[in-house]
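Analysis of the macromolecular model
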Amino acid sequence: MEPVTHKYLKILVTGASGFIGRKLCYSLAEMGFEVIGLCRNVDHPFLLQHRNIQYVEGDILDQQSLDAAMSGCYQVYHTAAMAKLWCRNEQDFFDTNVTGTKNVLNCALRMGVDRVVHTSTCGVWGPTLNLPVSEDDPRAVGFPIDYERTKYLAELEVKTFVKKGLEVVIVNPSRVYGEGPITDSNTVGKMVSGYLSGTWHFIPGKGITAANYAYVEDVVQGHILAMTKGRSGERYILGGEDICFNRFFSTLEQITGTKRKLYRIPIELIKTFSIMESIKSKCFGFQPYFLPEFADRLKFNQRYSSQKAVTELNYQITPFKIGLQKTVDHFQNK
Amino acid sequence: MKNLTALITGASEGLGKSFAIECAQLGFNLVLVSLPETGLEFLANYLRRNFGVQVFCMETDLTRNNSDVEIFKLLETNKLRVNVLINNAGIGNWSWFEEKDPDFYRAQIELNVTNTVLLTRSFLSHIDKSEPSYILNVGSLGGHFVVPKKQVYGATKSFIGYFTRCLQLELKSTNVRVSLLSPGGINTKSELLVMNKNLKGFAKATILEADFVAKVAIQGMMKGKKEIIPGFANRLLLTVDKVIPSFWKEILMRRNLKTILSV
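In this report, the structure presented in the accompanying data block is examined. Quantities reported herein were computed from a predicted structural model and do not represent experimental measurements.

**Comments concerning the overall build of chain B**
- Check the secondary structure of chain B and you find ten helices and nine strands.
- Expressed as a percentage of its 263 residues, the buried residues of chain B come to 48%.
- When contacts within chain B are restricted to residue pairs at least 6 apart in sequence, those whose partners lie at least 24 apart make up 68%.
- About 13500 Å² of surface is accessible on chain B, with carbon and sulfur atoms providing 57% of the total.

**As for the packing of aromatic side chains**
Residues and elements named next belong to chain A.
- All chains considered together, the criterion is met by 17 aromatic pairs over all chains.
- Judged by centre distance (5.3 Å) and plane angle (35°), the rings of Y213 and F248 are tilted. With Y213 in strand β9 (residues 210–215) and F248 in helix α7 (residues 245–256), the pair connects residues that are 35 residues apart, well separated along the chain. Each of the two residues, Y213 as well as F248, counts as buried.
- Both rings, one in F284 and one in F286, keep their centres 6.0 Å apart while their planes meet at 35°; by these two values the pair is tilted.

**Description of the pairing of strand β1 (residues 10–14) of chain A**
All names here are of chain A.
- With four of its five residues buried, β1 lies for the most part within the structure.
- As defined by bridge partners, β1 adjoins strand β2 (residues 34–39) across five bridges and the pair is classed as parallel. By the bridge assignment for β2, I11 is matched with V35.
- In this region the chain leaves β1, passes through helix α1 (residues 19–30) and returns to the parallel neighbour β2; the handedness of that crossover is right-handed.
- Summarising the sheet, β1 and strand β4 (residues 75–78) pair through four bridges and their orientation is parallel. Counted as the bridge partner of L12 is V76 from β4.

Rules of the game
- Along each chain, residues carry numbers from 1 onward, in the same order as the chain's sequence is written.
- The order in which chains are written sets their letters, starting at A; the order in which ligands are written sets their numbers, starting at 1.
- In keeping with the predicted nature of the model, local features appear solely for residues at pLDDT of at least 70, side-chain atom pairs appear and are counted solely at 80 or more, and the whole-chain, interface and lining totals rest on all residues.
- Side-chain descriptors were evaluated using all non-hydrogen atoms of the structure, hydrogens and water having been removed beforehand.
- The helix count covers DSSP runs of H or I at least four residues long, the strand count covers runs of E at least two residues long, and both are numbered beginning at the N terminus.
- Burial here depends on accessible area, computed with a 1.4 Å probe over protein chains only, as a share of the maximum for the residue type. Under 20% is buried, over 50% is exposed, and the range in between is partly exposed.
- Every residue pair with non-hydrogen atoms within 4.5 Å of one another is taken to be in contact.
- The Shrake-Rupley method, run with a 1.4 Å probe, gives the accessible areas here. Residue values count only the displayed protein chains as cover.
- The rule is short: rings of Phe, Tyr and Trp, with Trp giving its six-membered ring, pair when the centres are within 6.5 Å, and they are stacked under 30 degrees, edge-to-face over 60, tilted in between.
- At least two bridges found by DSSP between two strands is the condition for calling them paired.
- Whether a crossover is right-handed comes down to one check: with the strands pointing away from the viewer, does the path from the first strand over the helix to the second run clockwise; if it does, it is right-handed.

What follows is the structure in C-alpha cells.
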C-alpha cells in the first residue's frame, strides 16, 4: 500500500490535534511518510493513531521542544493556531499565532528544512464586498476580530522569512467542515450536530448571506499539494462552495430527512445579545457564546474563489452536498 | 454625485486604501497615487472588477520636488479630469524629537505640508470652480492637542487645520467644498495593529477601523462639513478639551507625560 519513495522521510506537523492537523497527520502517514505530530498533550483524545505517526509533546512557544521535534524533518506543516472565538487572555492570540509562527519558521530556517506549508485562513481577507475574494485582493475592512488580525500578522512574518531564503507556501482555508471533533472553532460541526439533536433553532438574519465551506479532506489534500506544487511566498485559497444559511439548512434537511423549525433571528437582535455576552465576559470572565464583532460579520458575504489552487495545484473541491452528507454520517454513527 | 473622479494620495495602504474602496463603492472613478511597488495595481484591479469604476494608477514619490506638477501634467496627457482631491498621504511618528534624524523630518514636512499645499494649489487651477468639487484634507485629532512624541507630526497636522479653515473662507463663493478630517488613532499599519491593541479603557475607545473612518469622512465631505471627527469618544474628547480650564489641562498633560516617560 505505502509507496516506498516516501519511506523514512520525516515530516513535522504542528497542531497535530487540530481539526486540520489531525487529518493531515493521518493522510501523510498513509502516504508512507514518517510523521512527527507536535501537540501539547500526547494523550489528547482527538489524535488519530497510525503506526507511521509519532506524537511528540511540545509547544510552539517553547523553542527547545520545537528544536527537538523538528530535528531531522525535511518538511514542516505549520497548522497550529489559536482559532477560538474568544480567549480569556487576548494576548494568547498574538502569542500563539504570531510569536508561535515566528518560532516555527525560525527553527525551520536554522535546521535547513526544505519547505514549510503555513496554514493561514481566508479570515485575512474577511468579508466580501462584491465578487468572491481571490488571492491578490486587498483586505477591504479593518481587523475587529483578534483571530483574523493575528493570522494576518503571522502572514507578514512568513513574508520576512521568505525574504531570508526559507521556502514557505501559505494556504488559506475558508470555513472548514467535515468529520472531526466539535470544538469552539468548528462552527459547522456545532450547527450540524445541533440540527441533528434538535437543539439548533435559528437562522441568522434573512439567511441570505453566504460563506465559503471547505471540506476537510479537500483542505488536507490542498496542504499536501501546496507542499509539492505550490510556489514559495505565494498564497492559495483552499475553499469550497459559497453557500448561504438558507441553502445550508435546506441541504441539511434533504440529507437528514428531518425538518426542524428554524427561526430567523434579526441580526440586530443577535448584535444586542452579543453585546450583553461581551459585557458578561469582560466583567466576569465567562466564556461568551457570541461576540459583537462576529454579529457584524453576519451582515456580509464571505465568498472566496479557489481558482488559483485549482489551476496551479490541481486542488479538488468536493460538492457541498456530498461533503455535508459525510459529515452527517459521521455524527450519526458516533 | 454624477461623474465624480477622485485623486487620492497614499492610496495603497491604510486609510488611503479605505478611501479608495469607499469611493469606488459610491461609483467614483479614481486616480490613485502611491509609492512604487506598494501593490497599487492589485488594489486598482480589485476596484475595477468589483465596482466597475475606472481606476488610473500613478506610482511616484510625493516628497520629490515638482511631484504635484507632474501629477497634474500626467492627468492632462491622459485626458483625465478630477473633481475630488483627497490629501491623505502622510508620515507619522511616535518618538522623542532627537530620536529621528533630520532627513526624516525633512521628508515628513515635505509630504505632510508642502505636498498638501501644492497639490491643492494645482487642483484648484485644474478644476472648474463653479462645478461641484471637493477637497478632503486629512488632519489629525492630534492637531488639536499638544501631544509629546508627536511634536513634528502634530505641528504639520495643525498646519493642515489652519490651512483648511482659511481655504474654506476663501472659497466660500465657489462651488468647492473643503473639509478637514480629524481622526483619532486608526488601526492601519501592522505595528499599529499590535500597539493599539495594548491600549486600555478610554484610549482604546478612541481607536477606529480605517473603513469606518473613510465612510464617515466621505459622507461628511459630500455634505460639505467643515470638520469631520469620526467616533463618539473622539468628539467627546474634543468637547471636554474645550471646556476644561487650561491649568487643569496642563496638570493632566504633565501626569500623562510622566507615564510616557516611565514606559
